[in-house]
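Below, each chain spelled out in residue letters.
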There are 2 protein chains.
Amino acid sequence: MEQTYQQPLVMVDTALFTILDERLCLLLARRREPPFEGVLALPGGFVHIEEDLDTTMAARRVIRGKLGIDAPYLEQLFTFSGPARDPRGWSISVAYYALIPADLLTQSQAVEAVPVETLPTLPFDHRQIVDQAIERLRGKATYSSLPAFLLPAEFTMNDLHRIYQQTIGTRLDQASFRHKILEQDIIEPIPDRFRGGAHRPAQLYRLTSRALTPFERKI
Amino acid sequence: MEQTYQQPLVMVDTALFTILDERLCLLLARRREPPFEGVLALPGGFVHIEEDLDTTMAARRVIRGKLGIDAPYLEQLFTFSGPARDPRGWSISVAYYALIPADLLTQSQAVEAVPVETLPTLPFDHRQIVDQAIERLRGKATYSSLPAFLLPAEFTMNDLHRIYQQTIGTRLDQASFRHKILEQDIIEPIPDRFRGGAHRPAQLYRLTSRALTPFERKI
DNA sequence: TGAATAGTGTCTTTAAGACACTATTCA
DNA sequence: TGAATAGTGTCTTAAAGACACTATTCA
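Notes on the structure follow.

## Description of the relation of the copies chain A and chain B
Here's step 1: Least-squares fitting of chain A to chain B yields an RMSD of 0.0 Å, with the transformation described by 0.0 Å of translation along the axis and a rotation of 180°. Considering both components of the superposition, the chain copies are consistent with a two-fold axis.
Here's step 2: A share of 100% of interface residues in chain A that are also interface residues in chain B marks the association as one of identical surfaces.

## Side note on the sheet that holds strand 10 (residues 199-207) of chain A
Residue and element names in this part refer to chain A.
Here's step 1: Strand order in this open sheet of 3 strands is 8-10-9, and the pairing throughout is antiparallel. Either end of the sheet is taken by a strand with one partner, and the two such strands are strand 8 (155-156) and strand 9 (187-197).
Here's step 2: Direction of pairing for strand 9 relative to strand 10: antiparallel, over a ladder of 6 bridges. Of the residues in strand 10, the one forming a bridge with isoleucine 187 is leucine 207.

## A word on the protein's contact with DNA strand D
Here's step 1: For DNA strand D, the set of nearby residues contains 22 residues, the closest of which are Asn158(A), Arg178(A), Ala175(B), Arg200(B) and Arg217(B).
Here's step 2: Sugar and phosphate atoms form 60% of the subset of DNA strand D atoms that lie within 4 Å of the protein.
Here's step 3: One of the backbone N or O atoms of Gln203(A) is found 3.0 Å from a phosphate oxygen in DNA strand D.
Here's step 4: One of the backbone N or O atoms of Arg200(B) is found 3.1 Å from a base oxygen in DNA strand D.
Here's step 5: When residues of the surface near DNA strand D are assigned to their parent elements, the largest contribution, 5 residues, is made by strand 10 of chain A.
Here's step 6: For the surface near DNA strand D, the class distribution of residues is 7 nonpolar, 8 polar and 7 charged.

## A word on the sheet that holds strand 10 (residues 199-207) of chain B
Residues and elements named next belong to chain B.
Here's step 1: Spatially, 8-10-9 is the arrangement adopted by the 3 strands of the open sheet, whose pairing is antiparallel. Only two strands of the sheet have a single neighbouring strand rather than two, namely strand 8 (155-156) and strand 9 (187-197).
Here's step 2: Bridge count for strand 8 against strand 10 is 2 bridges, and the pairing is antiparallel. The residue bridging phenylalanine 155 from the neighbouring strand is tyrosine 205, located in strand 10.

## Description of the environment of Ile92(B)
Here's step 1: Within the fold, Ile92(B) resides in strand 6 (residues 91-99).
Here's step 2: Taking relative accessible area as the criterion, Ile92(B) reaches 0% and is therefore assigned buried.
Here's step 3: For the pair Ile92(B) and Gln7(B), spaced 85 residues apart in sequence, the C-alpha to C-alpha distance is 9.9 Å.
Here's step 4: Setting aside anything within four residues of it in sequence, one finds Ile92(B) in contact with Val10(A), Thr55(A), Val94(A), Pro8(B), Leu9(B), Val10(B), Met11(B), Thr79(B), Phe80(B), Ser81(B) and Arg85(B).

## Details of the pattern of salt bridges
Residues and elements named next belong to chain B.
Here's step 1: Scanning the entire structure with this criterion turns up 30 salt bridges over all chains.
Here's step 2: The partner of glutamate 22 in a salt bridge is arginine 162, and the shortest N-O contact between them spans 3.5 Å. Linking glutamate 22 in the loop between strand 1 (9-20) and strand 2 (23-30) with arginine 162 in helix 3 (residues 157-168), this pair joins segments that are 140 residues apart in sequence.
Here's step 3: The exposure class of glutamate 22 is partly exposed, given its relative accessible area of 48%.
Here's step 4: Across the salt bridge formed by arginine 30 and glutamate 112, the nearest N and O atoms sit 3.1 Å from each other. Of the two residues, arginine 30 sits in strand 2 while glutamate 112 sits in strand 7 (residues 112-115), which places them 82 residues apart along the sequence.
Here's step 5: We classify arginine 30 as partly exposed; its relative accessible area is 44%.

## Details of helix 3 (residues 157-168) of chain A
All names here are of chain A.
Here's step 1: For helix 3, spanning 12 residues, the distance from its first C-alpha to its last is 16 Å, which sits close to the expected 16 Å at 1.5 Å a residue.
Here's step 2: For helix 3, a buried count of 9 out of 12 residues is recorded, marking the element as mostly surrounded by other parts of the structure.
Here's step 3: For helix 3, every residue scored as buried is listed here: Met157, Asp159, Leu160, His161, Ile163, Tyr164, Gln166, Thr167 and Ile168.
Here's step 4: Looking one or two residues past helix 3, glycine 169 carries a phi angle of roughly 90°, positive in sign.

## A word on the environment of Arg210(A)
Residue and element names in this part refer to chain A.
Here's step 1: Considering the arrangement of structural elements, one finds arginine 210 in the segment after strand 10.
Here's step 2: Residue classification places arginine 210 among the exposed positions, given a relative accessible area of 80%.
Here's step 3: Residues arginine 210 and alanine 98, 112 residues apart in the sequence, show an inter-C-alpha distance of 14 Å.

## Some details on the interface of chain A and chain B
Here's step 1: The interface is formed by 31 residues belonging to chain A together with 31 residues belonging to chain B.
Here's step 2: Of the roughly 3,100 Å² buried where chain A meets chain B, counting both sides, 58% is carbon and sulfur surface.
Here's step 3: Our enumeration of links across chain A and chain B arrives at 0 salt bridges.
Here's step 4: If you list the elements that add at least two residues to the side of chain A that touches chain B, you get strand 1 (9-20), strand 5 (73-82) and strand 6 (91-99) of chain A.

Reading the values: rules and limits
Residues numbered from 1 in each chain as written. Chains lettered and ligands numbered in written order. Predicted model: local features only at pLDDT ≥ 70, side-chain atom pairs only at ≥ 80, totals over all residues. Heavy atoms only, no water. Least-squares fit on C-alpha atoms with pLDDT ≥ 70 in both. Contact = heavy atoms within 4.5 Å. Pairing = 2+ DSSP bridges. Helix = DSSP H or I, 4+ residues; strand = E, 2+ residues; numbered from the N terminus. Near = heavy atom within 4 Å. Polar contact = N/O pair within 3.5 Å; in protein donor to acceptor, adjacent residues only side chain to side chain. Nonpolar A, V, L, I, M, F, W, Y, C, P; charged D, E, K, R; others polar. Buried < 20%, exposed > 50% of the residue type's maximum accessible area, 1.4 Å probe, protein only. Salt bridge = Lys/Arg side-chain N within 4 Å of Asp/Glu carboxyl O. Expected span 1.5 Å × (residues − 1). Buried area = accessible area lost by both parts, 1.4 Å probe.

Structure below.
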């Protein structure tokens, strides 16, 4: 019978991104169990078939366990597998990536934020997962409202401009950026809400939709 | 111990595309075992951890079992999971899609080609897998050499033009298509090889690379 | 010859990007 | 006032797409 084949271990791993000090960072958790006990790694865990309705729910459970909150954006990335990626045996990891606005992070959470340029050596194949997640993030940033999910609910046009530049990794002309974002209808001004400083106050905006909006053309 | 959690069933399913009579078709196999014995479904099977090095190898094994050949293009699509998608229990299916040039198909193979517009009712969540595979195929067709993998090793510019139109689903100006394809350097003319008819013979081309080439801009 | 497909040159439209400018606040 | 950030209008460049044309074969 087919069903009697020995089955792989099934887990989920999550690459959690945030922007801290104008830099793209990854949230890493110190492992509390072997293998690699005490080492910084992507938050993850086994799928619990009694409680998880699918692997996305398992990823949500892992994120809630580490951060105490739900990620505003969560997407399945890729499934990694093989006999050698985990010393416990032939395993499958369904990898996810998520965007966490910095204002949702608190001291109490069991994670450390590390800039993606200075990541420590990661256990398992987590480095590969992270690289692929960054590639996906950069790719989608050019063609969608994705980077906006790294911002708090209210933000200025320049906040958005900066976050797009940080995720894409290139300079974008300020004026052209404004023209194009406004054409896309992904954000709307919040009536009578401005943010000031020693300069002209900036209009505050919010997303028009809580879902990711793909663009026809690039930003 | 974490390892003692009950593990899901782990399988792979493959959406195999080909072009027959100018139409995008899916290769379906009649199931030889329960559940859904005798029903047309995506070729698939359980991951065999003793012989498969990863899920991609499992997908290759499934394709070789049905077609006796390797697909020139194979890509992981998405991982589907949950307690209800398979009556045998909580399961994970790592779905793949592949492109099969029509000249590699023979009568002896254990599959039926069905145009994607007239698919029968499919078991499990195979309909969802197919829909997502078509979406991915159309998406990548605009930005890469992907559709060329549906053609035999040698083809004319007009073969390529037609296959792009069939996979993308829209008309493309013939002259502009030629300009843009030649700029991309994905194909090269085969010296002194032409295909005739009752008309001017057409230059035969081949791919410059066996790998998928992404384009900077759309075709 | 003309029917059929192959292949080229060039114009128009539209998107992407650059840039010069004006606006409003506070110190 | 000027430093600082906010915001607008318009020009340039380049890509996408349309179109008119020429080329070569066979019946």
